[in-house]
Amino acid sequence: MKCSVYIATSVDGFIAGADGDIDWLLRPEYAVSLLNGLSYEAFIADIDALVMGRHTYEKVRAFPEWPYGDLPVVVLSTQPPSPHETGHVRWMNGEPAAIVAQLAEQGCGHLYIDGGQTVQRFLQAGLIDELTITRVPLLLGGGIPLFGADGPEQRLRLLAVTQSDNGFVQERYAVQRAS
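Residues numbered from 1 in each chain as written. Predicted model: local features only at pLDDT ≥ 70, side-chain atom pairs only at ≥ 80, totals over all residues. Heavy atoms only, no water.

Engineer: Explain the overall build of the protein chain here, please?
Structural biologist: Tallying secondary structure elements over the protein chain gives four helices and ten strands in all. Reading the protein chain from its N end, one meets helices and strands in the order β-β-α-β-α-β-β-α-β-α-β-β-β-β. Over its C-alpha atoms, taken along the principal directions, the protein chain stretches across nearly 45 × 40 × 30 Å. Here the protein chain holds 179 residues, and the buried ones make up 41% of them. (Helix = DSSP H or I, 4+ residues; strand = E, 2+ residues; numbered from the N terminus. Buried < 20%, exposed > 50% of the residue type's maximum accessible area, 1.4 Å probe, protein only.)

Engineer: I tried to follow helix α4 (residues 116–124) on my own but got confused; where do I start?
Structural biologist: Turn by turn, an α-helix covers 3.6 residues, leaving residues three or four places apart pointing in a common direction. Of the residues making up α4, those classed as buried are G116, T118, V119, Q120, F122 and L123. Positive backbone phi, approximately 75°, marks G126, located one or two places after α4.

Engineer: Help me out: how do you make sense of the confidence of the model for the protein chain in this one?
Structural biologist: Detailed reading of the predicted coordinates is not advisable wherever pLDDT is low. Residue-level pLDDT values for the protein chain average 90, and 95% of them are 70 or greater. Averaged pLDDT values for the elements of the protein chain fall to 90 in helix α2 (residues 54–61) and rise to 98 in strand β6 (residues 110–114). (pLDDT = per-residue confidence, 0-100.)

Engineer: In this structure, what is going on with the pattern of salt bridges? I would like to understand it.
Structural biologist: Note on pairing: side chains with opposite charge can pair once their charged atoms come close. Summed over the entire model, instances satisfying the criterion amount to six salt bridges. Salt bridges sharing partners connect three or more residues here, namely K2, E130 and R172. (Salt bridge = Lys/Arg side-chain N within 4 Å of Asp/Glu carboxyl O.)

This is the structure we're talking about:
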């Protein structure tokens, strides 16, 4: 099973403002040029299911349109499901390794891991294989960090780095496993 992250951060490493706001990602000046590097469309084409936490799901559910089409989405939460589910969303609870094992048994070969706490939990469990981080040319000064302060040291191998005309810098890393 391969687990990958595809996410945008501010240059200072935040994925959202302190209140979960991501409007800073949607500024018109960022849409004026194509993204160089691994496009979201190319990335998502190889994904069997998306795994996210409840907070990320609640944020995405508020979008005007569901952005994931027919891609199966797994929401990790100890709370009961929200009443307004789409047909491709299911809820699971458990440790990351158990979630990965269950999804592998169900035929998934490549998972997209999304949301700050979920990414951190899967990294701490040693389950993330690849990180694609697109840095937006902005300092938020605070908010929800992509990486927590409590995670273990993890060695990364740079796969690619690209720059786009709008100032975005995309870094792709393979997570190296301890020998």
